[in-house]
Amino acid sequence: MKPKQNSLRHVLFGSLIGTTIEFFDFYIYANAAVLVFPQLFFPSSDSTMATLESLATFSIAFLSRPLGSAFFGHYGDKIGRKFTLVAALLTMGISTVTIGFLPSYESIGVAAPLLLMLCRFGQGVGLGGEWGGAVLLAIENAPPNKRAWYGMFPQLGAPIGLLLSGGTFLILTDSMSNEDFMNYGWRIPFIASALLVIVGFYIRTKITETPSFENAKKHEEEVKVPFLTLVQSYKNQLIFGTFAAITTFLVFYLMTVFTLSWATSDLGIVKRDGLLIQLFSVLFFALFIPVSAVVADKIGRRKMLIFATAAIAIFGFFFSYFLSEGNIIQVAIFACIGMSLMGFTYGPLGTFLSELFPTNVRYSGASLTFNMAGILGAAFAPMIAIWLAKTYDVSYVGFYLVTAALISFISFLVISKDEHKF
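In this text the structure is predicted, and so the values were computed from the model without any measurement.

Let's talk about the overall build of the protein chain
In step 1: Scanning the protein chain for helices and strands turns up 20 helices and 0 strands.
In step 2: Here the C-alpha radius of gyration of the protein chain, 20 Å, is about what a compact globule of 422 residues would show, namely 22 Å.
In step 3: Sequence separation of at least 24 residues holds for 86% of the intrachain contacts in the protein chain that already meet a minimum separation of 6.
In step 4: Counting only carbon and sulfur atoms, one obtains 68% of the accessible surface of the protein chain, whose full area is about 16300 Å².
In step 5: Charged side chains of the protein chain number 27 positive and 24 negative; the gap between the two group centres comes to 12 Å.

Considerations on the nonpolar core
In step 1: Membership of the largest hydrophobic core comes to 128 residues, with the highest contact counts inside it found for Val36, Phe37, Tyr253, Phe258 and Leu323.
In step 2: It is helix H12 (residues 235–265) that contributes the most residues to this core, 16 residues altogether.
In step 3: When near neighbours in sequence (up to four residues on either side) are disregarded, Leu323 contacts Phe258, Trp262, Leu267, Val331, Phe334 and Val394.
In step 4: Counting 5 residues, the second largest nonpolar core, distinct from the first, contains Ile21, Leu89, Val197 and Ile203.

Here we look at the layout of surface pockets
In step 1: What the largest pocket holds in volume is close to 330 Å³.
In step 2: Along the walls of the largest pocket sit 18 residues, with Val34, Ser47, Thr48, Thr51 and Ser265 positioned nearest its centre.
In step 3: Of all the secondary structure elements, the ones that give two or more residues to the lining of the largest pocket are helix H1 (8–35), helix H2 (37–40), helix H3 (47–78), H12 and helix H19 (381–391).
In step 4: Considering only residue class, the lining of the largest pocket consists of 7 nonpolar, 8 polar and 3 charged.

Concerning the packing of aromatic side chains
In step 1: Scanning all chains against the criterion turns up 30 aromatic pairs.
In step 2: Seen in terms of ring centroids, Trp131 and Phe370 are 3.7 Å apart; in terms of plane orientation they differ by 5°. Their pairing is stacked. In this pair, Trp131 sits in helix H6 (residues 111–139) while Phe370 sits in helix H18 (residues 359–379), placing the two residues 239 residues apart along the sequence. An identical accessibility class is assigned to Trp131 and Phe370; each is buried.
In step 3: Among the aromatic residues, those joined into a cluster by ring pairs are Tyr27, Phe252, Tyr253, Phe285 and Tyr346.
In step 4: A cation over an aromatic ring shows up here: Arg120 above the ring of Tyr29, its NZ or CZ 4.2 Å from the ring centre.

What about the side chain of Ser104?
In step 1: By the element assignment, Ser104 lies in the loop between helix H4 (81–99) and helix H5 (105–108).
In step 2: Other than its neighbours up to four places away in sequence, Ser104 contacts Leu40, Phe41, Gly109, Ala112 and Arg187.

Concerning the packing of H12 against helix H16 (residues 328–346)
In step 1: The interhelical angle for the contact between H12 and H16, taken along N-to-C directions, is 150°, at an axis separation of 9 Å. Accordingly, the angle class assigned to the pair H12 and H16 is roughly antiparallel. Read as a crossing pair, H12 and H16 show a hand that is left-handed. Contacts between H12 and H16 involve Thr248, Val251, Phe252, Met255, Thr256 and Thr259 from the former and Val331, Phe334, Ala335, Gly338, Met339, Met342, Thr345 and Tyr346 from the latter.
In step 2: In the contact of H12 with H16, the residues fall into 9 nonpolar, 5 polar and no charged.

Description of H18
In step 1: Over its 21 residues, H18 runs 29 Å from end to end, which matches the ideal 30 Å to within 8%, given 1.5 Å per residue.
In step 2: Here H18 lies mainly inside the structure; 19 of its 21 residues are buried.

Notes on the pattern of salt bridges
In step 1: Evaluation of the coordinates by the stated rule reveals 6 salt bridges.
In step 2: Asp266 is the partner of Lys390 in a salt bridge, and the nearest nitrogen-oxygen pair spans 2.8 Å. Note that Lys390 is positioned in helix H19 and Asp266 in the loop between H12 and helix H13 (271–299), a separation of 124 residues in sequence.
In step 3: When its relative accessible area of 31% is taken as the criterion, Asp266 is described as partly exposed.
In step 4: For Arg301, the salt bridge is made with Glu355, and the minimal N-O distance between the two is 2.5 Å. Linking Arg301 in helix H14 (residues 301–315) with Glu355 in the loop between helix H17 (349–354) and H18, this pair joins segments that are 54 residues apart in sequence.

Some details on the side chain of Ser411
In step 1: Assignment of secondary structure puts Ser411 in helix H20 (residues 395–414).
In step 2: Side-chain polar atoms of Ser411 contact the backbone oxygen of Ile407, separated by 2.9 Å.
In step 3: Contacts of Ser411, omitting those with residues within four sequence positions, involve Phe240, Phe243 and Ala244.

Structural notes on H1
In step 1: If you check H1, its first and last C-alpha atoms are 40 Å apart, about what 28 residues at 1.5 Å a residue would give, namely 40 Å.
In step 2: Of all 28 residues in H1, 24 are buried; the element is thus mostly enclosed.

Focus on the environment of Asn215
In step 1: Summarising the element assignment, Asn215 is placed in helix H10 (residues 211–218).
In step 2: Classification of Asn215 as partly exposed rests on a relative accessible area of 30%.
In step 3: Considered as a pair, Asn215 and Thr359 are 144 residues apart in the sequence and their alpha carbons are 9.1 Å apart.

Criteria and cut-off values
- Residues numbered from 1 in each chain as written.
- Predicted model: local features only at pLDDT ≥ 70, side-chain atom pairs only at ≥ 80, totals over all residues.
- Heavy atoms only, no water.
- Helix = DSSP H or I, 4+ residues; strand = E, 2+ residues; numbered from the N terminus.
- Rg over C-alpha atoms; globule rule 2.2 N^0.38 Å.
- Contact = heavy atoms within 4.5 Å.
- Areas by Shrake-Rupley, 256 points an atom, 1.4 Å probe, with all protein chains shown as cover.
- Lys, Arg positive; Asp, Glu negative; His and termini not counted.
- Charge placed at Lys NZ, Arg CZ, Asp CG, Glu CD.
- Core = buried A, V, L, I, M, F, W, Y, C linked by side-chain atoms within 4.5 Å.
- Buried < 20%, exposed > 50% of the residue type's maximum accessible area, 1.4 Å probe, protein only.
- 1 Å grid on protein atoms, 1.4 Å probe; cavity = no way out; pocket = protein on both sides within 12 Å on 5 of 7 lines; lining within 4 Å.
- Points joined across faces, edges and corners; volume = space filled by probe spheres on them.
- Nonpolar A, V, L, I, M, F, W, Y, C, P; charged D, E, K, R; others polar.
- Phe/Tyr/Trp six-rings, centres within 6.5 Å; stacked < 30°, edge-to-face > 60°.
- Lys NZ or Arg CZ within 6 Å of the ring centre and 35° of its normal.
- Axes fitted to C-alpha atoms, helices over the stretch in contact; angles between N-to-C directions.
- Parallel < 35°, antiparallel > 145°, perpendicular 65-115°, else oblique.
- Left-handed = near helix turned anticlockwise from the far one by under 90°.
- Expected span 1.5 Å × (residues − 1).
- Salt bridge = Lys/Arg side-chain N within 4 Å of Asp/Glu carboxyl O.
- Polar contact = N/O pair within 3.5 Å; in protein donor to acceptor, adjacent residues only side chain to side chain.

See below:
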């Protein structure tokens, strides 16, 4: 009997809905880390120090993401994509909902930030397993000439998740007093994410395994420990794939967390306007993801990413021009340009990283390269950027981005060009 095939609708929506939920959960934490947590979980007479402490917990998820990649990637390559995707979604969802019920520092003292850090750790583990599986669900069901197009659907979850999270925070801050928002309003998006998780869980359970995984299983291509196979046989792909992806992470978190923090704390832009700028710029992020996928399928994923990385390096030299004064128009233009470049580099990235590895280690390989790049490119990026801007000048934040772009540019040139069957 012929196995049931996934419909195009189920494949693309199944990959998109999961990453949308995961990134929504991830980004509501990012917004709260700037707007809420410094006051509630890290009380300090120095507001800058409180913000840095809050952003330090933000980085925990990036440190735990490779653990999620290794754990979920192992089972994703051994027993299948479907079960692993459901488990990763639940891990992320439970961690996020729990944050919504945490008491503040004023209520339970130092236990409050410790519990917050534990939940953030869980978010990272869940997302570490989610992203790779969602991308593989799309591209392992794709025709060879449309892999970047299929692979961009889970990538769209990032801007959609950010729009939902930023929009939620904007509605809450507009509809209630600051006192009510700080008392209980900020908890609403964390708790409400449970509804999204239920929807995602239902859709994911309806999806069958990918043809690539079933084919590899049929031909007994399974390896005992995917992680060890990666380290032994795919060092070039792991190392340079990680360095190739760091700029994508850095440019995103400079455009979101750093820009929101800098604009509202140092440029005198009110929080509401900062959130509006962020939400508007995300539309450009979402727009250029499919554009980049179309181009990548025509000229190749590597070439598309090389061009995008070069453009990001040039963009880095203009930080001081856009962010040296509180001109809201200049800040908005800056955010839109940066997010457009983010779309260009993010759209084909999942497909590119997945194509570096064969089916029997692809879940582990793609997930590990992506999430190790998250540590190098994003885990401490907001803290480093704020420190550079305050200690030296905002132009040094741009130089930080230029340096990362040069590293990624070189990595795209030297990475292995071996082709692997799907």
